[in-house]
Amino acid sequence: MLTLENIHAGYGATTILQDVSLTVAAGEVVTIVGANGAGKTTTLRTVAGLIAPTAGRITFEGTDITRLSAHDTVDLGITLIPEGRQLFADMTVRENLLMGAYRKAARSAQNETLDHVLTLFPRVKERLGQNAGSLSGGEQQMVAIARGMMSKPKLLMFDEPSLGLAPIIVQQVFDVIDTIVKTGATVLIVEQNVFHTLKAADRGYVLENGEIVLSDSADALLTNDHVRQAYLGI
Ligand code: ATP
C-alpha cells in the first residue's frame, strides 16, 4: 500500500532521513522504533506531505505521492494523528470530530461516520458537547484518534499516541488502536513505548540517526538483542 524508496528529507539544509526505505502492506500494522531525535516524526510528516523529500520516491496504492501536499495526501486516504493531539481546545468535542471529515470522500457521509466512530469510542460520545480543552489527557488522545478516523482513512499514522499518559490510559489507547486494526485498518505507528507497540505490530523498523538499521517481524524484534538492550531496557 505504502512504499518509501531511498528517501532523504530534513529541515532546510539539515538532512535528517538518509536513504530510508520501508513498506506497509494493506491490513498491516508497522512500527518505527527509535530514540528521541532519530527521525520518526520526520518520516511520518514526509509521508503526510508536510515535508518534501530531497531525494527518493513515495508511492501509495501505486500512485507517486512524493511531491503531493498534505491536503492531497488526506484526499487519497492518508491520515496523520500528530504527537501532542493538537485539538481545538475552545471547540466542542463534536466540532473537533467534524473537522476531521474534511476529506472529499468523508464529507458527504460525516453523520454516519460520526455514529460509527462513536461506537468505537463510548467515552468520547459522553463528552460530545464539552470543550476539548477541558478533557483529561487520555480523553484528548481518544478524541484525536477519533478525529483521525472521521476522514475514513485507508492508512492511519500515529505519532506517539501514548506520550504523557498514565500507564492505565496507555493500555486504553492501545486497546482502541487494536479495535481499529481489527476493522481492517492499515497502521504505521511511532512510539516511545516500544514493548506495547511491538506487541501490537506485525513488523517493525529500527531507525537510528535517520537511517533504517534493522527491520524484521515484531516478534523477532522483541527478542533481538540490540532492540532489547537499546529500547526495552533488558
Ligand atoms: P522524538 O521521539 O523526540 O519526537 P523523532 O525520532 O520523532 O524523535 P524527529 O522529531 O523526527 O525525531 O526529529 C529528528 C531531528 O530533526 C531532531 O534532531 C530534531 O531536532 C530535528 N527537527 C525536528 N523538527 C525540526 C524543525 N522544524 N526544524 C529543524 N530541525 C528539526
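Criteria and thresholds
Residues numbered from 1 in each chain as written. Predicted model: local features only at pLDDT ≥ 70, side-chain atom pairs only at ≥ 80, totals over all residues. Heavy atoms only, no water. Near = heavy atom within 4 Å. Polar contact = N/O pair within 3.5 Å; in protein donor to acceptor, adjacent residues only side chain to side chain. Areas by Shrake-Rupley, 256 points an atom, 1.4 Å probe, with all protein chains shown as cover. Helix = DSSP H or I, 4+ residues; strand = E, 2+ residues; numbered from the N terminus. Nonpolar A, V, L, I, M, F, W, Y, C, P; charged D, E, K, R; others polar. Pairing = 2+ DSSP bridges. Axes fitted to C-alpha atoms, helices over the stretch in contact; angles between N-to-C directions. Contact = heavy atoms within 4.5 Å. UniProt positions renumbered as here; feature names shortened; annotations may be inferred. Buried < 20%, exposed > 50% of the residue type's maximum accessible area, 1.4 Å probe, protein only.

### Comments concerning the site of the ligand
Not every one of the 13 residues close to the ligand is listed here, only the nearest: Gly37, Gly39, Lys40, Thr41 and Thr42. Between the ligand and Gly37, the relevant distance is 2.8 Å, taken from an oxygen atom to a main-chain nitrogen or oxygen of the residue. The side chain of Thr42 places a nitrogen or oxygen atom 2.5 Å from an oxygen atom of the ligand. Out of a free accessible area of 630 Å², the ligand has 58% covered by protein chains. If you tally residues by element for the shell around the ligand, the top one is helix H1 (residues 40–47), at three residues. Of the residues assigned to the shell around the ligand, the class counts are four nonpolar, six polar and three charged.

### Considerations on the sheet that holds strand S10 (residues 211–217)
Taken together, six strands build an open sheet; the order of strands is S6-S7-S8-S3-S9-S10 and the sheet is mixed. If you trace the sheet from one side to the other, it starts and ends with strand S6 (78–81) and S10, each paired once. Adjacent strand axes in the sheet meet at a mean angle of 15 degrees, parallel and antiparallel pairs treated alike. Bridge count between strand S7 (residues 155–159) and strand S8 (residues 186–190): five bridges; the pairing is parallel. Across the sheet, residue Asp159 finds its bridge partner in S8, namely Val190. Sitting on the sheet, helix H7 (residues 137–149) is in contact with S6 and S7, with an inclination near 170 degrees to S6.

### Quick word on the UniProt feature "domain: ABC transporter" (unreviewed entry) in the protein chain
In the numbering adopted here, UniProt assigns the feature "domain: ABC transporter" (unreviewed entry) to residues 2–234. Helix makes up 39% of residues 2–234 and strand 26%, with an end-to-end C-alpha separation of 32 Å.

### Some points on the side chain of Asn96
When you line up the elements, Asn96 lands in helix H3 (residues 93–99). The exposure class assigned to Asn96 is buried, which follows from its relative accessible area of 0%. The residues contacting Asn96, other than those within four sequence positions of it, are Leu87, Phe88, Met91, Ala132, Val143 and Arg147.

### Comments concerning the environment of Val30
Locating Val30 in the fold gives a position in strand S3 (residues 29–33). Placed 108 residues apart in sequence, Val30 and Gly138 show a C-alpha to C-alpha distance of 23 Å. In contact with Val30, other than residues within four places in its own chain, are Thr23, Val24, Val187, Leu188, Ile189, Arg203 and Tyr205.

### What to know about the side chain of Thr79
Here Thr79 is to be found in strand S6. Beyond its immediate chain neighbours, meaning those up to four positions away, Thr79 contacts Gly148, Ser151, Pro153, Leu155, Leu156 and Met157.

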